[in-house]
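The residues making up each chain are set out below.
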Amino acid sequence: MTTVNEAFEFKQCVSLLKATGRKAGDLRELREILSSVSDESLFHHTYQYFLKGHILEYTNDFAQWAGENLEERALSEELSNIDPYDYSEMTALRERLISVIEAYIGRFPEPRAVMEGAEFYFTETVTLVFPAGIRAKNLAELLMGVKYVDSSAIYYHFYEARRRLGPRRDDFSHWIEVALGKEALAEAIRGIDPFMHTLAGIRNRITEAMEEELRKDMEEVLP
C-alpha cells in the first residue's frame, strides 16, 4: 500500500448563526433584499445549504422557500438549477439569483404572499475551520477518516473545496490523485453528484469507492 510523506489533514467547520433582522413575505421583497443583503448571508443560504439537513429536491434555501412556502414550483426548479459552485464571485451569484426571480415576476406579475410566520428569514454565519485531529498517509487511513470524521468535515472537503479548487474538484480526489497517483479512484469520487445526496450519502459513496479500490489493491498483492 502506498504511503506518502504529505498527509491528508482532515478539517471540520462550525457555523455560528446570526439573525439579520430582514425577512421577505413575497418574491418582490425577496428580490429587493437579495440586492443588498450581506455576502455572508448569501453564502449561508446557497453554499452552506449542503451543510444543513437539506431537502434533496433543492440546492439552496431560496429554492426551498419558493417551493415549500410559496408553492411556486416552476421558480423553485429554476433556482435549484443554479449551482453556487459555478460562481467564484458572490456578485455573480447574487446577480444570477436576482435575474431568475425578476424574470419569473415578469411572467407572473402578481406573486403570492406567504402566511404570517412562513416568511423567508435572512441569516448569516461566521464559519470557523479547524483541524479535526485526524491525518491520513495512505488510502486505508483516509478511508477510516472519511468513515468516522464529523459530517462537517465531509462538507468542508467535498463541497466547500469546490470554491477553492474549482467545479468538480474536491480535497479527497485531489489528494488521492496527486499524493497516491490513483487517477481512476479520484475520477470516481469526482463523479459523485453533489446535488443528489445528503452528506451521509456522500460519505457512503466515497467510502464505497475507496473500499473497492482497496479490494483491488489486495487482489494484486495476494498470490
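The coordinates are above.
A short tour of the structure in this document, coming up. (Residues numbered from 1 in each chain as written. Predicted model: local features only at pLDDT ≥ 70, side-chain atom pairs only at ≥ 80, totals over all residues. Heavy atoms only, no water.)

### A look at the nonpolar core
In terms of nonpolar packing, the biggest core is built from 61 residues, with L30, L79, L142 and I176 touching the most fellow members. Considering each element in turn, this core owes the most residues, eight residues, to helix 5 (residues 90-107). The contacts of I176, once residues within four sequence positions are left out, are L139, L142, G181, K182, L185, A186, I189 and M210. (Core = buried A, V, L, I, M, F, W, Y, C linked by side-chain atoms within 4.5 Å. Buried < 20%, exposed > 50% of the residue type's maximum accessible area, 1.4 Å probe, protein only. Helix = DSSP H or I, 4+ residues; strand = E, 2+ residues; numbered from the N terminus. Contact = heavy atoms within 4.5 Å.)

### Side note on unusual backbone geometry
The backbone of E71 shows a phi angle near 60 degrees, a positive value even though the residue is not glycine. Looking at the element boundaries, E71 is found in the loop between helix 3 (61-68) and helix 4 (73-80).

### Thoughts on the side chain of T125
Note that T125 resides in strand 2 (residues 120-136). Separated by 3.0 Å, the side chains of T125 and Q48 make a polar contact. Beyond its immediate stretch of four places on either side in the chain, T125 contacts S15, L16, L17, E40, H44 and Q48. (Polar contact = N/O pair within 3.5 Å; in protein donor to acceptor, adjacent residues only side chain to side chain.)

### Considering helix 6 (residues 139-148)
Residues that lie three or four places apart on an α-helix share one face, since the helix turns once every 3.6 residues. Regarding helix 6, the residues found buried are L139, L142, L143, G145 and V146. Along the axis of helix 6, the buried positions cluster into a sector of 165 degrees, meaning they face one direction only. Those residues of helix 6 that are buried lie in contact with strand 1 (8-24), strand 2, helix 7 (151-165), helix 8 (171-178), helix 9 (183-190) and helix 10 (199-221). Between the side-chain oxygen of the N-cap and the backbone nitrogen of A140 there are 3.2 Å, and the N-cap of helix 6 in question is N138. (Arc of directions from axis to C-beta.)

### Topic: the environment of M144
Relative to the elements of secondary structure, M144 occurs in helix 6. For M144, a relative accessible area of 39% puts it in the partly exposed group. M144 sits 66 residues away from M210 along the chain, and the two C-alpha atoms are 10.0 Å apart.

### A short note on the pattern of salt bridges
Counting across every chain of the model gives 17 salt bridges. E9 is the partner of R135 in a salt bridge, and the nearest nitrogen-oxygen pair spans 3.8 Å. Placement of R135 in strand 2 and of E9 in strand 1 is noted, with a sequence separation of 126 residues between them. One salt bridge connects R169 with E177, and the closest N-O pair in it is separated by 3.9 Å. R169 sits in the partly exposed class, given a relative accessible area of 26%. The partly exposed category is assigned to E177, whose relative accessible area is 24%. When salt bridges with common partners are traced through the structure, they connect R168, R169, E177, E187 and R190 into a single cluster. (Salt bridge = Lys/Arg side-chain N within 4 Å of Asp/Glu carboxyl O.)

### A look at the side chain of E72
Tracing the backbone shows E72 in the loop between helix 3 and helix 4. Apart from the residues lying within four places of it in its own chain, the contact partners of E72 are A66, G67, Y104 and R112.

### So, a nonpolar patch on the surface
A contiguous nonpolar patch, built from V14, L16, V126, L128 and F130 and spanning about 400 Å² of accessible area, is present on the exposed surface. Those elements giving two or more residues to the nonpolar patch turn out to be strand 1 and strand 2. The dominant element in the nonpolar patch, judged by the number of residues it contributes, is strand 2, at three residues. Tracing the sequence through the fold places L16 in strand 1. A relative accessible area of 44% means that L16 is categorised as partly exposed. (Patch = residues over 30% accessible without salt bridge, like charges linked within 9 Å, V, L, I, M, F, W, Y side chains within 5 Å. Areas by Shrake-Rupley, 256 points an atom, 1.4 Å probe, with all protein chains shown as cover.)

### Considering the packing of aromatic side chains
Inspection of the entire model under this criterion finds 18 aromatic pairs. Each ring, one from F62 and one from F120, has its centre 5.0 Å from the other, and the planes form 25 degrees; the classification is stacked. Within this pair, whereas F62 is found in helix 3, its partner F120 is found in strand 2, the two being separated by 58 residues in sequence. Since its relative accessible area comes to 1%, F62 is described here as buried. A relative accessible area of 6% places F120 in the buried class. Pairing W65 with F120 gives two aromatic rings, centres 5.8 Å apart and planes at 75 degrees, and the pair type is edge-to-face. Here the residue W65 occupies a position in helix 3, and F120 occupies one in strand 2, the gap between them amounting to 55 residues. Counting every residue linked through ring pairs, the aromatic cluster contains F43, Y47, Y49, F50, Y85, Y155, F158, Y159 and F195. The ring of F158 has R162 sitting right over it, with the charged end atom 4.5 Å from the ring centre. (Phe/Tyr/Trp six-rings, centres within 6.5 Å; stacked < 30°, edge-to-face > 60°. Lys NZ or Arg CZ within 6 Å of the ring centre and 35° of its normal.)

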